[in-house]
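Tertiary structure, described
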Amino acid sequence: MTDDLSYAFAAGVFSRERVFRLGAHALDWHDARHSGSIAYADVESVHLFSAYPPNGSATRVCSLRTRAGSRCVLKSKSARSWGRIEDRAADYGPFVRELLDRISSAAPQVRIFDGLPTAAYIGQAIALAVVSLLIISELVQVIVDWRTGSDGATTSLILMGVLIVPAVGIAKTVFRGRRRRLSPESLPDDLRAVRLSAHT
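Examining the environment of Val61
By secondary structure assignment, the location of Val61 is in strand β6 (residues 59–66). Here Val61 falls in the buried class, since its relative accessible area comes to 5%. Between the alpha carbons of Val61 and His47 there is a distance of 7.9 Å; along the sequence they are 14 residues apart. Discounting chain neighbours no more than four positions away, the residues touching Val61 are His47, Leu48, Phe49, Val73, Leu74, Lys75 and Tyr92.

Description of the sheet that holds strand β2 (residues 18–22)
Taken in spatial order, the 4 strands of this open sheet run β1-β2-β3-β4, and their pairing is antiparallel. Either end of the sheet is taken by a strand with one partner, and the two such strands are β1 (5–9) and β4 (35–39). In this sheet, adjacent strand axes meet at a mean angle of 20° when their direction is disregarded. The pairing of β1 with β2 spans 5 bridges and is antiparallel. The residue of β2 that forms the bridge with Phe9 is Arg18.

Looking at helix α3 (residues 153–176)
Along its 24 residues, α3 runs 34 Å from first to last C-alpha, staying within 8% of the 34 Å computed at 1.5 Å per residue. On its buried face, α3 sits against α2 (118–148).

Topic: the pairing of β1
By the criterion of burial, β1 is predominantly enclosed, with 5 of the 5 residues buried. Judged by which residues are buried, β1 turns out to be covered on both faces: Leu5, Tyr7 and Phe9 on one side and Ser6 and Ala8 on the other are all buried.

Notes on the pairing of β2
Looking down a regular strand, the side chains alternate between one sheet face and the other. Bridge count for β2 against strand β3 (residues 26–30) is 4 bridges, and the pairing is antiparallel. Bridging from a neighbouring strand, Leu22 pairs with Leu27 of β3. With antiparallel pairing between neighbouring strands as the criterion, β2 and β3 make up a hairpin whose turn holds 3 residues.

Some points on helix α1 (residues 89–106)
In this model, α1 (18 residues) spans 25 Å end to end at C-alpha, consistent with the 26 Å of a helix rising 1.5 Å per residue. Across the 18 residues of α1, 13 count as buried, placing the element largely inside the fold.

Observations concerning the sheet that holds strand β11 (residues 180–182)
Read across the sheet, 5 strands follow the order β7-β6-β5-β10-β11 without closing on themselves; strand pairing throughout is mixed. The sheet is open, and its two borders are formed by β7 (71–75) and β11, each paired with just one other strand. Adjacent strand axes in the sheet meet at a mean angle of 25° when their direction is disregarded. Relative to β7, β6 runs antiparallel, the two being bridged by 5 bridges. If you follow Leu64 over to β7, its bridge partner there is Cys72. Of the strands in this sheet, β5 (43–51), β6, β7 and β10 (111–114) touch α1, which is tilted by about 20° from β6.

About the thresholds
- Every chain is numbered independently, its residues counted from 1 as its sequence is written.
- Reporting of local features is limited, given that this is a predicted model, to residues whose pLDDT is at least 70; pairs of side-chain atoms are given and counted only at 80 or more, and all residues count toward the totals for whole chains, interfaces and linings.
- Excluded from the side-chain calculation are hydrogens and water; included are all heavy atoms of the structure.
- Only DSSP runs of H or I covering at least 4 residues are called helices, and only runs of E covering at least 2 are called strands; the numbering of each starts at the N terminus.
- Relative accessible area decides the class of each residue, using a 1.4 Å probe on protein chains only: under 20% of the type maximum gives buried, over 50% gives exposed, and in between gives partly exposed.
- Here, two residues are considered to be in contact whenever any of their heavy atoms come within 4.5 Å of each other.
- Here the rule is simple: two strands pair whenever DSSP picks up at least two bridges between them.
- Helix axes use the C-alpha atoms of the stretch in contact, all axes being lines fitted to C-alpha atoms, and the angles between their N-to-C directions lie in the range 0 to 180 degrees.
- Take the residue count of a helix, subtract one, and multiply by 1.5 Å to get its expected span.

Don't take any of this as a statement about function, it's just geometry.
What follows is the structure in structure tokens.
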């Protein structure tokens, strides 16, 4: 391995592609106008999570925070143009794996954790609570209709079935999205690859 391994992505349609390189002592980056670097030893925390769009595959995100409070974000997808998103997960995973190895070596006290951002997690938890209450309400209605001989039980059962589908999906997101502390040895499987390839 050399000290100039790179990865690049564009955060949005109107964003310039930013190139990240693994230097000997810092993560260096540049785009068409700006450049900068973050020393591995200055990284205080690393947050790994996945952002799920309404359709399509998840975007994996690695957010670095330094002791000074600055942030640096890497994503596994690159926006090329309207409606064209390039999945660079095959290069993102190995690059972030090596980045985390270097950060862990230079900053042994770094906090690495995964899970949804706090605001997103709270939003999903609230959505789950609301859907659960609606399901319970329909279940109560089914019992009442069954005891009174009303014909509304069938409608309530259908509504329950409709609500259960998103409830299961939201429940999985809430369960998997809980924040947990990670060690370099317990990183997600997609960050365990050892191959590194450059995007230019």
